[in-house]
Amino acid sequence: MEYSALRGLKTEDYEYPGENNAFAVLKKVPFLDQVTAGFLKLQIQTGLLPGIQGDCFRITEDTCPEIYHLYQTALRRLDMPEEYPLYARTEFDYNAFAAGGESFIVVYSSILNHFQPDELLFILGHELGHIKSGHTIYQNMAENLRSLISQIPMIGQEAAIGLFFALHKWYRMHECTADRAGAIAAGSVEAGIRGLSRLMGTDERLPLIRFSEEDILRQNDAFEEENEDFITKVICLAQIAGSQHPWSVTRVKRLHEWGESGGFETLIHSY
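Residues numbered from 1 in each chain as written. Predicted model: local features only at pLDDT ≥ 70, side-chain atom pairs only at ≥ 80, totals over all residues. Heavy atoms only, no water.

Draft legend 1. Expanded view of the packing of helix 8 (residues 189-199) against helix 11 (residues 248-260). It is the contact of helix 8 with helix 11, at a shortest axis distance of 10 Å, that shows an interaxial angle of 175°. Comparing their axes, helix 11 and helix 8 come out roughly antiparallel. Residue-level contacts link Val-189, Gly-192, Ile-193 and Leu-196 of helix 8 to Arg-251, Val-252, Leu-255, His-256, Trp-258 and Gly-259 of helix 11. Of the residues in the contact of helix 8 with helix 11, the class split is six nonpolar, three polar and one charged. (Axes fitted to C-alpha atoms, helices over the stretch in contact; angles between N-to-C directions. Helix = DSSP H or I, 4+ residues; strand = E, 2+ residues; numbered from the N terminus. Parallel < 35°, antiparallel > 145°, perpendicular 65-115°, else oblique. Contact = heavy atoms within 4.5 Å. Nonpolar A, V, L, I, M, F, W, Y, C, P; charged D, E, K, R; others polar.)

Structure representation (structure tokens):
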């Protein structure tokens, strides 16, 4: 879909149902905002950012105009308040991430080489969605809390473990909000689903793979049906508890449902 900018776009306009409630639970934890922000600032400034600046390729209008212009499209469509540094890292797997504090985005070179323009817009929009929603501070806490728990005295570990599961429940939920932001940046839900399917291993350059959106949805239905009994649900919960993302088939289904419900079209035409 062709449109330039969604002026005044708010995160609550496309937020995945329930994410705000899960986020509110986290914000009720005393001093969590301050502790997390301080920890993140220290980690970014002393560890991650210098490594990114020293080893990664900075994407600008001069260095990589095609990708930079796509980035500008994503920024406009999501009505981002500012432009954040965009870097490319040489990696062979498909991944990207956004960091908070001094916000920036890193996209792995495999995505830049293999994704179509609208699929790349989805990835850029997904990461911008994390920044726009303020996810990045809590993302970092969720990623590091497992190792921090082992350093907490035994008397405080029960509360810390409870926080761990609360963070990761929200973490998996907020990925669906970021997927919606990615679809807005890409201009279609279909581009988002294609981008997600690539993360599962589909690629039109591999002639033996014929895996469509319908196949993914059927696989998700079978996955849910085969894991609907209580014991299996508990096992699945344990497997996903420490994961940074929901199951890939689940993300595709949730994004598909948003498109089928008319939520995407309604949002776009309301601006």
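Text resumes after the structure shown.
Draft legend 2. Looking closely at the pairing of strand 2 (residues 86-89). Pairing geometry for strand 1 (residues 57-58) and strand 2, over two bridges, is antiparallel. Across the sheet, Phe-57 pairs through a bridge with Ala-88, a residue of strand 2. Bridging between strand 2 and strand 4 (residues 104-108) involves four bridges; their strand directions are parallel. Paired with Leu-86 across the bridge in strand 4 is Ile-105. (Pairing = 2+ DSSP bridges.)

Draft legend 3. Quick peek at the sheet that holds strand 4. The strand order across the open sheet built from four strands is 1-2-4-3, with neighbouring strands paired in mixed fashion. A single partner strand is all that each edge strand has here, and the edge strands are strand 1 and strand 3 (96-99). Seen against the sheet, helix 5 (residues 117-133) touches strand 2, strand 3 and strand 4 and runs at an angle of roughly 25° to strand 3.

Draft legend 4. Region of interest: the pairing of strand 4. Counting buried positions along strand 4 yields five of five residues, so the element is predominantly enclosed. Judged by which residues are buried, strand 4 turns out to be covered on both faces: Phe-104, Val-106 and Tyr-108 on one side and Ile-105 and Val-107 on the other are all buried. Of the pairings in the sheet, the one linking strand 3 to strand 4 comprises four bridges and is antiparallel in character. Directly across from Ala-98, in strand 4, lies its bridge partner Ile-105. (Buried < 20%, exposed > 50% of the residue type's maximum accessible area, 1.4 Å probe, protein only.)

Honestly, it's all geometry; don't read function into it.
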